[in-house]
Amino acid sequence: NAFRGCSNLILDVLNTSGRTIGTFAFQDVTIKDVIISDTFNCAQSHTYPSLTYANIQNISFEQGITFIPAFALSRCSTITSVDIPDTVTSIGADAFYLCSSLDILVMFDGVKKIGDRAFDGCPIKTAIVPEIACPYISGSDALDTVIVGSGTEIRGETFRNSKVKSVMIPNTVT
């Protein structure tokens, strides 16, 4: 509860490296950029509850992180952008569920598995993602631009009934 309720406090960057942060430590605090490291310890084992209650704008995960746990940042309504490095191979179910301000998603080629509803309820406008992620973001009513970074195939009805306006696909995708 160290900074709980300090609604006028604005942090430019919070690097979680080697830290243990209590569940409500930053409740109502505005944090512009959060860097989640592979040594981040949180009060609960599979999520980042200490960050869920903060007013975070941008989240980036450091190189070396291999998975983003289920419910990691679900319902974190102030996140506007997420940057997921190529070392992440798995994103848990509901990881970013109802991040209702998330409009920019950058995800690199390492991701091989994405859990159910990982990005449901996110109004993603711009996405730079591998082809595996396309079905998980295509339901966003706000989706404007998709840049498929890599892959070999975009399956069946991936963008059916989508409102996407622009899709850039590399020559390697069929």
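Structure: see above.
Model, not experiment: these values are computed from the prediction.

K.L.:
Before we move on, could you go through the pairing of strand 7 (residues 81-84) and cite the residues and values that matter?
P.N.:
Alignment of strand 5 (residues 55-61) against strand 7, held across three bridges, turns out to be parallel. Of the residues in strand 7, the one forming a bridge with Ser-60 is Asp-83. Judged from the four bridges that link them, strand 7 and strand 9 (residues 104-107) form a sheet pairing that is parallel. Paired with Ser-81 across the bridge in strand 9 is Ile-104.

K.L.:
Can you explain the pattern of salt bridges? Please cite residues and give values.
P.N.:
Under the counting rule described, the total for this entry stands at two salt bridges. Asp-94 is paired through a salt bridge with Arg-117; the nearest N and O atoms lie 3.0 Å apart. Here Asp-94 is found in the loop between strand 8 (90-91) and strand 9, whereas its partner Arg-117 is found in the loop between strand 10 (113-114) and strand 11 (126-129), with 23 residues between them in sequence. Assessed through its relative accessible area of 39%, Arg-117 is described here as partly exposed. A salt bridge links Asp-144 to Lys-165, with the shortest nitrogen-to-oxygen separation between them at 3.6 Å. Linking Asp-144 in the loop between helix 2 (134-137) and strand 12 (145-148) with Lys-165 in the loop between strand 12 and strand 13 (166-168), this pair joins segments that are 21 residues apart in sequence.

K.L.:
Please set out the state of the cysteines residue by residue, giving values where relevant.
P.N.:
In total, this model carries zero disulfides according to the counting rule given. Left unpaired, Cys-99 is separated from the closest cysteine sulfur, that of Cys-122, by 5.0 Å.

K.L.:
Requested: an account of the environment of Cys-99, with residues and values cited.
P.N.:
Tracing the chain through its elements places Cys-99 in the loop between strand 8 and strand 9. Sequence-wise, Cys-99 and Ser-81 are 18 residues apart; in three dimensions their C-alpha atoms are separated by 9.9 Å. When near neighbours in sequence (up to four residues on either side) are disregarded, Cys-99 contacts Leu-73, Arg-75, Cys-76, Ile-79, Gly-121, Cys-122 and Pro-123.

Calculation criteria
Residues take numbers from 1 onward in each chain, read along the sequence in its written order. Predicted model: local features are reported for residues with pLDDT of at least 70 only, side-chain atom pairs are reported and counted for 80 or more only, and whole-chain, interface and lining totals are derived from all residues. For the side-chain quantities, the full set of heavy atoms in the structure was used; hydrogens and water were omitted. We treat two strands as partners when DSSP finds at least two bridges between them. Each helix is a run of DSSP H or I of at least 4 residues and each strand a run of E of at least 2, with the numbering of both proceeding from the N terminus. In what follows, salt bridge is the name for a side-chain nitrogen of Lys or Arg lying within 4 Å of a carboxyl oxygen of Asp or Glu. With a 1.4 Å probe rolled over the protein chains alone, any residue whose accessible area is under 20% of its type maximum counts as buried; one over 50% counts as exposed, and the rest are partly exposed. Pairs of cysteine sulfur atoms within 2.5 Å are identified as disulfides in what follows. Contacts are residue-level and defined by heavy atoms, with any inter-residue pair within 4.5 Å sufficient.

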